[in-house]
Each structure stands twice: as structure tokens, then as C-alpha cells.
Amino acid sequence: MNEKLEFKDKKISREDLNRILEAGILSPTAKSLQPQKIYVIESKEGLNKIQKITNRKSPTVLMVCGDAEKCYRENHAISYLQDCLLVSIHMILEATYLGIDNIYDRYLDFGNKLEKAFKLDINSMPVSLIYLGYKTDDSIGWKASDFTCNLLPKRKKDINEIVKYI
């Protein structure tokens, strides 16, 4: 079976991109310290670096990084990883709401390579990549345009299975 996941060569609008980024900025973080830094990669050079490292290609990539010096710390726990994951989730949800397809990649697979390729500050640690665009018609999986606000309950447990009033 020859499955593929590809994006059209069509950029998302600046207005939609700004809404997605705003969703990330509005995301909760530990003690509201906002240790995230979001790099928007749209240049040909930047996208080529991403493709070389991850073997994925899209018209826009968001690289979400965390700063361990600016995040909440208590004992041995630091919050930047969880904070950046919340930020990523908020941006993914907004992109999907806007009908923009997206793929999430975790940092474990490529963090050090990204740091070197983009010459990131020592305190900017990659946590996730979010590929944004519009999937080709023959790409695998759901497309953001397939979702409506009423689709989510079809794939979730009934509220009575999760919520108990006491």
C-alpha cells in the first residue's frame, strides 16, 4: 500500500497564521510565565532544512521551543516542556478550526539537529514542529476541512462516562 502525506504548494494567509499564533500566545502556561518561543519557518532555506532533518515538507512550519531559564521551576521539575505542548495543542486546534491541515512532530526525534541547523540560542530548546498547509487530495488521513464543531463528539466518550456530579 503506497500511502502518502503531502501538502499542496499553497501558503496559508497571514491573517490565519496570526490567529494560529495568537492561540498559542493565549495558551495557559505554568504561572503564566510563557517560556515559549515560536519560530515561523516559511523561507525556502528554512523549509529545506526542516525537510532534510524530518523528511516532511509543508509551506509553513512552526517550531515551538522552550526556555528552561524562563519557565516555572520547583525542586527538580521544570515546566517548559509541558508549557510548549499546551501552546502547540492550542495552535493545532485553531488551525483545524480554520480548516488548515496540520501535522505534529515531537522534539525527541530531531531536537539536536534543529538546534544546530537553525543556530538556536542555548536556551531555545525545540519541543515540537507543527506543519501547516492544505493536504493534497490523495493524502492519507483526515483533512481539517472534514471537521466541523459537531464532529468531535462522534469520536469521544459520552459526557456521562467522564463527568460525575457529587
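Residues numbered from 1 in each chain as written. Predicted model: local features only at pLDDT ≥ 70, side-chain atom pairs only at ≥ 80, totals over all residues. Heavy atoms only, no water.

What about unusual backbone geometry?
At Asn55, a residue that is not glycine, the phi angle is positive and equals roughly 65°. Of the residues examined, Asn55 reaches a relative accessible area of 69% and is grouped as exposed. Positive phi outside glycine occurs at Lys119, with the angle close to 50°. Take Lys119: its relative accessible area is 74%, and that puts it in the exposed class. (Buried < 20%, exposed > 50% of the residue type's maximum accessible area, 1.4 Å probe, protein only.)

Quick word on the environment of Lys135
With respect to the helices, strands and loops of the structure, Lys135 is situated in the loop between strand E6 (125-133) and helix H5 (159-162). Separated by 126 residues in the primary sequence, Lys135 and Asp9 have C-alpha atoms spaced 9.2 Å apart. (Helix = DSSP H or I, 4+ residues; strand = E, 2+ residues; numbered from the N terminus.)

Points about the packing of helix H1 (residues 14-26) against helix H3 (residues 80-97)
For the pair H1 and H3, interaxial distance at closest approach is 7 Å and the crossing angle is 145°. Judged by the sense of rotation from one axis to the other, the crossing of H1 with H3 is right-handed. Two secondary-structure elements touch here, H1 through Arg19, Ile20, Leu21, Ala23 and Gly24 and H3 through Val87, His90, Met91, Glu94, Ala95 and Tyr97. For the contact of H1 with H3, the residue count by class is 7 nonpolar, 2 polar and 2 charged. (Axes fitted to C-alpha atoms, helices over the stretch in contact; angles between N-to-C directions. Left-handed = near helix turned anticlockwise from the far one by under 90°. Contact = heavy atoms within 4.5 Å. Nonpolar A, V, L, I, M, F, W, Y, C, P; charged D, E, K, R; others polar.)

Description of the confidence of the model for the chain
In this model, the chain carries a mean pLDDT of 82, and residues with pLDDT of at least 70 account for 81%. Per-element confidence in the chain ranges from a low mean pLDDT of 67 for strand E4 (residues 77-78) to a high of 96 for helix H2 (residues 44-54). pLDDT under 50 marks residues 149-155. Its contacts with residues more than four places away, or in other chains, come to 5 contacts. (pLDDT = per-residue confidence, 0-100.)

Examining the sheet that holds strand E2 (residues 60-66)
Taken in spatial order, the 4 strands make up an open sheet running E1-E2-E6-E5, and their pairing is antiparallel. Among the strands making up the open sheet, the edge pair consists of strand E1 (36-41) and strand E5 (101-106). Strand-to-strand twist across the sheet, computed as the mean angle between neighbouring axes with direction ignored, equals 20°. Relative to E2, E1 runs antiparallel, the two being bridged by 6 bridges. Looking at E2, one finds that Ile38 is bridged to Val64. With respect to the sheet, H1 is in contact with E1, E2 and E6, its orientation differing from that of E1 by roughly 165°. On the sheet, H3 packs against E1, E2, E5 and E6 and is oriented at approximately 5° with respect to E6. (Pairing = 2+ DSSP bridges.)

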